[in-house]
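Residues per chain, in single letters:
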Amino acid sequence: MVLKGEIKKGEYYDSVTLMNAARRLNSEKGVLDSAIVMATQENKGILKTSGLLLPEFDKADGSDLVAVVKADNADNAAAALARAWAIVKEKPAAKASSQGQRPNGLSGAMKDMPDANLIIISVAGRFAGSLAMDALSRGLNVMLFSDNISLETEIELKRYASSKGLLVMGPDCGTAIINGAPLAFANSVNRGDIGMVAAAGTGLQEVTAIVSNEGAGVSQAIGTGGRDVKKDVGGISFLAGLQALAKDPQTKVILLVSKPPHESVLRKIAAAARKIHKPVVAVLLGDEEHLLDSAGVMQFDTLEEAALVAAALSRGHDTSHADALLARRRLEEERLAIRLSAGKKPGQKHVRGLFSGGTFASEAQLVMKPMLGRIKSNVPFAAGDKLANSLVSEGHSVIDLGEDEFTVGRPHPMIDFSLRNKRIEAEAADPSTAVILLDVVIGYGANQQPLADITPAIKAALKTNPAVSVICSVTGTDLDPQNRQTVMAGLKAAGATVMPSNASACRLAALVAAACSKPSGRAR
Amino acid sequence: MTKAISCGGLVKPGSWRVHSRFGKAVNFTGGEGMVFVVKPEVGGGPLSIVLDGTDFADFCVSLEVTDRQIIIDGTAFRRDGIPLYRDFPSLPSGAEKNYAANLPALKAFLCARSPKEGVARAFFAPDEMPLTCNFERAVQRRASSAAELFRGGYFRKGTLLLRGLGPGLTPAGDDAICGLLCGLNLTARLCGRDVSAVSAEIVREAMGENLISNALIRCAGEGRFFEPLRLLAETASAQKPDFAAAGRRLSLCGASSGFDSAAGFALALELWLGQENLALAAGGINGFEGRN
């Protein structure tokens, strides 16, 4: 780790310019942290507490500008520092407003873009409802990234949208891909003919990424927010999305992703699906009865399976193409399990899943439970499996670090790995841990330097406990800014076993743990 | 043709030299003092000369001020021909009640509209700040803690945390302190209270090495408003406030300065209304109670 800084005597910029520059600098290659600030005593104090203060900054005062970069090596630090000065000197991009200002409020934005038909709302929850209603009344479809919106408001918004033939994605909708544009936490994927509706954000990221990595593509990916498929909301947006895809000439295959909807909502989805003359594939995580099968929907248990089938259908294959691919993956998982279970110590038998994506935490429990039995979690399917303390794992455990209990006052774990990194090291120190199971989500909105942030923790864990296995998957594509292949290679180099999907990683983790629990301590 | 729109009452005679230059403002210094030559959209102020019809990119390199004239780049403007800027808000009857009624909407407005680099969310919605840089997080944490200290009556400690906070030339924390001081003085004026001790303590602790901030804080310590904040104070005192219009003016004042000062002003209103409630419950009003 290298800290490098520079002083520009007598230079000055405004706060917004400098903070934007620091944010951009943080996404430069190898940069772990950075700051570009006026060298006031107060700012030097903050730099010190952030571990970014250099001795030479003593020479700078409040009328000087300082830039400091913490990077993984000297070359990257020097390159980033040089880039810092270029960034702050960049002229701001031309504003959309004819008056050369950022639009203030919806009216100003509409004036700037009178043809807009979609608004993304990311303001504090208590203000988002009225803004969304205003947008709907102006004929805009709405993506509500904001959460903390009351159920009553959600219902009101969605009913109003429905009456106007508009769509409300959210609240708490973190992922969508509309007309090829990834919105919020989303990935750069191939464009294609698979349309998706999802009430599960990371689930939608996983299926869009798998489809794209298989050479197929996405027409539209519509998020609805997890509460949409509950009884009270009644699946208003889910059904509207399904209808829209049914009518969309670009969409040839439809893929539905959700945790099990309420029975009444499921009946509506089934009724709608029956009328659609396009292949409909679904994964309703936790719905073991496959209630949509009777409606002609091809329903699967994992995100991976559903995405591979959708991709196969899109590319003109039948479902056996996906079956064959999955069979090959399972053979590879068994082979790897034999290798990874070797060398485990007595008593080293538990899986510890540490997830940034809530859907992945759910999928992990569903995949591993048949092989391992009881799995404790902070987001369990059965109340009896609730962890007494989310900070302390028990037996086989799956933790969703994106839950509110972990995220209040700090960035989401897809952005900030620090909390999970500490937990990785803590789990490695537990002698009963056989496998640390992780998801790594890349793409827009996610951590822009995942390798720099997570590999030190993985290496430290393997140093603490060389017999532990770190198994993970990378959700994303090679088109993403972080590049999936690069991230996978970096994780492997750090000692992790990287699988092609979350479900595959979970299967492998369960195989290893199951083998370690057998008297022989080996997978068969 | 260049026209002088207004001049602040605290613009002192002297020879001034350029301190710093932005797209809509050129800041002049002379010793400890400052004069700001600004475009009309930035608005007037006690230390501001508002000029219309000029391009600041290659203009405004020299400033001479006498009792009778203001000479900018050799062009003289008669002082008695320039309207004097009005420092204090003009408030309607019932302003107290309206402030109380409008405060939640004002805070909501500031959280929704102010730049994310500003302090409004740190003051009023600290759990809703999606931040990624450590420095940014530290700034927001400090701002948030400062607001809590002010709420607890710890004006000195709150000021020390907020002073100089923020990466830019005019730190967001200093702007917020200015807004707070303006708000405290205004509410004191409304109720006939004396906040001079608290105000003086905040000014004393807030003074740092930043000449611009110091000049602004001195004005705010006397309860003198710059125009965007004055318009917001007047808007918030109305029965039916149009925050959108006031917000447009705030957004033109620096990168986030307008909104930061507004956040400080709203915090002052919150403190005042809280004190009012406490004092009424205790059976009397004795002004702001400061703690160390």
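Summarised in this report is the structure supplied together with it. (Residues numbered from 1 in each chain as written. Chains lettered and ligands numbered in written order. Predicted model: local features only at pLDDT ≥ 70, side-chain atom pairs only at ≥ 80, totals over all residues. Heavy atoms only, no water.)

Here we look at the nonpolar core
Alright, step 1. Among the nonpolar cores identified, the biggest contains 104 residues, and Leu106, Phe123 and Phe265 of chain B are the most heavily contacted of them.
Alright, step 2. Take this core: its biggest share by element is eleven residues, from helix H10 (residues 257-282) of chain B.
Alright, step 3. When residues no more than four places from it in sequence are discounted, the contact partners of phenylalanine 265 of chain B are Tyr99, Leu106, Gly179, Leu180, Gly183, Leu186, Phe225, Leu229, Leu232 and Ala233 of chain B.
Alright, step 4. Counting residues in each nonpolar core, the second largest holds 63 residues, with Val283, Val367, Val435 and Ala510 of chain A among its members. (Core = buried A, V, L, I, M, F, W, Y, C linked by side-chain atoms within 4.5 Å. Buried < 20%, exposed > 50% of the residue type's maximum accessible area, 1.4 Å probe, protein only. Helix = DSSP H or I, 4+ residues; strand = E, 2+ residues; numbered from the N terminus. Contact = heavy atoms within 4.5 Å.)

Quick notes on the interface of chain B and chain A
Many analyses report the size of an interface as the accessible area lost when the parts associate.
Alright, step 1. Listed as interface residues are 41 residues of chain B and, on the opposing side, 40 residues of chain A.
Alright, step 2. Around 3400 Å² of area is buried between chain B and chain A when both sides are counted, 59% of it from carbon and sulfur atoms.
Alright, step 3. Of all residues in chain B, the largest losses of buried area upon contact with chain A belong to Glu117, Phe135 and Pro167 of chain B, amounting jointly to 20% of the total for that side.
Alright, step 4. Put simply, chain B and chain A have two salt bridges between them. (Buried area = accessible area lost by both parts, 1.4 Å probe. Salt bridge = Lys/Arg side-chain N within 4 Å of Asp/Glu carboxyl O.)

Focus: the packing of aromatic side chains
Alright, step 1. For the coordinates displayed, the defined rule picks out nine aromatic pairs over all chains.
Alright, step 2. Ring centres 6.0 Å apart and planes at 20° place the aromatic pair phenylalanine 145 of chain A and phenylalanine 185 of chain A in the stacked group. Within this pair, whereas phenylalanine 145 of chain A is found in the loop between strand S5 (141-144) and helix H6 (151-163), its partner phenylalanine 185 of chain A is found in the loop between strand S8 (181-184) and strand S9 (191-198), the two being separated by 40 residues in sequence.
Alright, step 3. A relative accessible area of 27% places phenylalanine 145 of chain A in the partly exposed class.
Alright, step 4. Between phenylalanine 123 of chain B and phenylalanine 124 of chain B, the ring centres sit 5.9 Å apart and the planes meet at 85°, which makes this aromatic pair edge-to-face. As far as the burial class goes, phenylalanine 123 of chain B and phenylalanine 124 of chain B line up, both buried.
Alright, step 5. Connected via pairs of aromatic rings, a cluster forms that spans Tyr99, Phe225, Phe265 and Trp272 of chain B. (Phe/Tyr/Trp six-rings, centres within 6.5 Å; stacked < 30°, edge-to-face > 60°.)

Here's the deal with the side chain of threonine 208 of chain A
Residue and element names in this part refer to chain A.
Alright, step 1. Residue placement: threonine 208 occurs in helix H7 (residues 201-213).
Alright, step 2. A polar contact of 2.9 Å, which involves the side chain of threonine 208, links it to the backbone oxygen of leucine 204.
Alright, step 3. In terms of polar contacts, threonine 208 uses its side chain to reach the backbone carbonyl oxygen of glutamine 205, at 2.9 Å.
Alright, step 4. With residues up to four places along the chain from it excluded, the contact list for threonine 208 reads Ile177, Val189, Met196, Val218 and Ala221. (Polar contact = N/O pair within 3.5 Å; in protein donor to acceptor, adjacent residues only side chain to side chain.)

Side note on the sheet that holds strand S17 (residues 433-441) of chain A
Residues and elements named next belong to chain A.
Alright, step 1. A sheet is described by the order of its strands in space; here six strands give the open sequence S15-S16-S14-S17-S18-S19, paired in parallel fashion. Looking at which strands have only one partner, the edges of the open sheet turn out to be strand S15 (376-377) and strand S19 (497-499).
Alright, step 2. Both strand S14 (residues 350-355) and strand S16 (residues 397-400) contribute to a ladder of four bridges, which runs parallel. Residue pairing for S16: glycine 353 is matched across the bridge by valine 398.
Alright, step 3. The sheet contacts of helix H11 (residues 319-341) involve strand S18 (469-475) and S19, and relative to S19 the element is tilted by about 165°.
Alright, step 4. Along the sheet, helix H14 (residues 418-429) contacts S14, S16 and S17; its crossing angle with S17, the most-contacted strand, is approximately 165°. (Pairing = 2+ DSSP bridges. Axes fitted to C-alpha atoms, helices over the stretch in contact; angles between N-to-C directions.)

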